[in-house]
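# Structural description and commentary
If you want the building blocks of each chain, they are given just below.
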Amino acid sequence: MSRHGKRLGLLAQMREEAPVRLVRTIAIAVLVLVILAGGAAPAAAAPEGQVTWGIHISLAPTWFDPAETTGIVTPFMVMYALHDAMVKPLPGNPLAPSLAESWTVSADGLAHEFLIRKDVRFHNGDPVTAEDVKFSFERYRGAASKAFKDRVAAVETPAPNRVRFRLKAPWPDFLTFYSSATGAGWIVPKKYVEKVGDDGFKKAPIGAGPYRFVSFTPGVELVLEAVDRYWRKTPPVKRLVFRTIPDPATRFAALKRGEVDVSYWMTASLGEELRRTPGLTLKPSLANNSYWVYFVDQWDPKSPWHDRRVRLAANSAIDRQAINQAETLGFSRMTYSMIPSHFEFFWQPPVIPYDRARAKQLLTEAGFPNGFDAGDFTCDAVHTGIAEPVANDLQAAGIRVRLRALERAAYNKGQVEKTFKNLVLSASAAFGNAPTRLEAFVAGGGAYVYGSYPDIDGLFREQAAELDKKRREVMLHRIQQLVYEKAMFAPIYQFAAMGGYGPRLEESGLGLITGFPFSGPYEDVKLKAN
């Protein structure tokens, strides 16, 4: 080909490739703009609006600090907003990776190592590091802190994003205790806490959760505001307000008037009215809450409760279904156990029929044909609605009790110090599994254990060191069977928390986390589009 022909061919090729080069240039320019804007995906919409909760209790500043979390679920109502955990229950997963992106357990069960998620930060901008994780664990002094101290040999920080827990012996429930049954795995900023002190932290808490602290008026309300970025998702609601309204009728009235968007702890009668009210929705959520009557004197040979027949009589005297219908419109679950049915390693006991005639017969066989004076039946005043019908049922069978309702602080003090006598209405709503519940309320040395049985204690020690899940399950089922056979308790039911929400909400958050009686996760709560 001539030189002239080559030039003509080159010009033709350039004309053909020009559109391709133009498209490529535009694409590169668009990509650069996207990167400069902050990423390849479209930015999430900025949080907007406010959601207000009517809550049934007065919030306590101690619940702003994960280090002081007791073995109850109430602090998590606040912690799911303000703070974040290495691992925690989320929708569809009771042990979901959170601040920890992943973790590993050594073959011998003696080391648990966590990898911290990239770019997670506290509300003051400080990154979450292994030192914060170690500090939060060592500072923890709430429920099961003694168990951690007895079983954890060391906490190591091999890298800024890695933390390793070394155990003295295999502990299959370490992750359950660390993630949800306690507040030990909920992380606070070391530098900030050391700067302001414990009291200063409770006055102005800083966490790594989806919402930051704005203000707290004791006995009135807590106000929180969405953070600019949160690893799981950007919260769609800008402001959360938790308003204290102890009286259920007043809470319901506030919900009807639109002053609150979500109301906790509805009574059955209010729940019925709520279902009949246009625009309002009743949302019962089967919770971790279990209720049972504890025979705290069963180990005293001089007490009537030492006789198993008397404990069986009390069990037969209680009309559980009637209490369920009267208190929770029948939504609570009859488990006949003090362990929630969705907990890992749960064993289903046989049904305990309501049979007043059998109760009286058992009392007669035990030497009480005319019944007996059973003394005080102590309860948390919040749970009087359950305790009163139980007391009436016992009374009708010949077990004469005096209901003693205490304010929560006094009740909790008595439970921890084990000062009660005769009968106690016990309850727990803590996260966990069957062994965490058994450790707290059944096994010798447990936080709320008045007495124990050698066969149960022996099995509990064995299962605590057993790494084979199937063999462990057999032992845990046997423990629960022994609890049932010995009639250590008179279980009532697994509670369905009666919440309600108003017409502004697309998603209330109620019932999203299995066993959690409150809204959560808060970054899932949504207002309806205008």
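Note that the structure is predicted; figures quoted are calculated from it, not measured. (Residues numbered from 1 in each chain as written. Predicted model: local features only at pLDDT ≥ 70, side-chain atom pairs only at ≥ 80, totals over all residues. Heavy atoms only, no water.)

### Remarks on unusual backbone geometry
So the rule is basically this: Helix and strand labels come from DSSP, where a helix needs a run of H or I of at least four residues and a strand needs a run of E of at least two; each type is numbered from the N terminus. For every residue, the accessible area obtained with a 1.4 Å probe (protein chains only) is divided by the maximum for its type, and the residue is called buried under 20%, exposed over 50%, and partly exposed between those limits.
A cis amide bond links G520 to the next residue, P521, at an omega of -10°. Here P521 shows up in the loop between strand 17 (505–507) and strand 18 (526–527). A positive phi angle, close to 60°, is found at Y336, a residue other than glycine. Mapped onto the secondary structure, Y336 falls in the loop between helix 10 (320–328) and helix 11 (356–365). Accessibility expressed as a relative area gives 13% for Y336, which makes it buried. With phi around 50°, A487 is a residue other than glycine that occupies positive phi space. Among the structural elements, A487 can be located in the loop between helix 16 (469–485) and strand 16 (489–501).

### Points about helix 10
Heads up, the condition is: Arc definition: directions from the helix axis to the C-beta atoms. By definition, residues are in contact when any of their heavy atoms lie within 4.5 Å.
Taken as a whole, helix 10 has its buried residues at R320, I323, N324 and T328. One side of helix 10 carries all its buried residues, which in axial view fall inside an arc of 100°. Elements in contact with the buried residues of helix 10: helix 8 (268–276), helix 9 (308–317), helix 12 (384–397) and strand 16. L329 occupies a position one or two residues after helix 10 and carries a positive phi of about 55°.

### Concerning the sheet that holds strand 1 (residues 48–55)
Operational definition: By this definition, two strands are paired if DSSP reports at least two bridges between them. Axis geometry follows a simple rule: fit a line to the C-alpha atoms, using only the stretch in contact for helices, then measure angles between N-to-C directions, giving values from 0 to 180 degrees.
Spatially, the 10 strands line up as an open sheet ordered 8-9-10-1-11-16-12-15-13-14, and their pairing is mixed. Both edges of this open sheet fall to strand 8 (211–217) and strand 14 (399–406), since each of them pairs with a single strand only. Taken together, the 2 bridges between strand 1 and strand 11 (residues 262–263) define a ladder with parallel strand orientation. Directly across from G54, in strand 11, lies its bridge partner S263. Sitting on the sheet, helix 13 (residues 408–417) touches strand 13 (372–380), strand 14 and strand 15 (423–428), and the angle it makes with strand 15 is about 100°.

### What about the side chain of E523?
Under the convention used in this document: Think of a polar contact as two N or O atoms within 3.5 Å of one another; within protein, one of them needs to be a possible hydrogen donor and the other a possible acceptor, and neighboring residues in sequence only count if both atoms come from side chains.
By the element assignment, E523 lies in the loop between strand 17 and strand 18. For E523, a relative accessible area of 1% corresponds to the buried category. At 2.9 Å, the side chain of E523 and the side chain of R232 are in polar contact. Residue contacts for E523: discarding those within four places in its chain leaves P210, Y230, R232, K233, P235 and P236.

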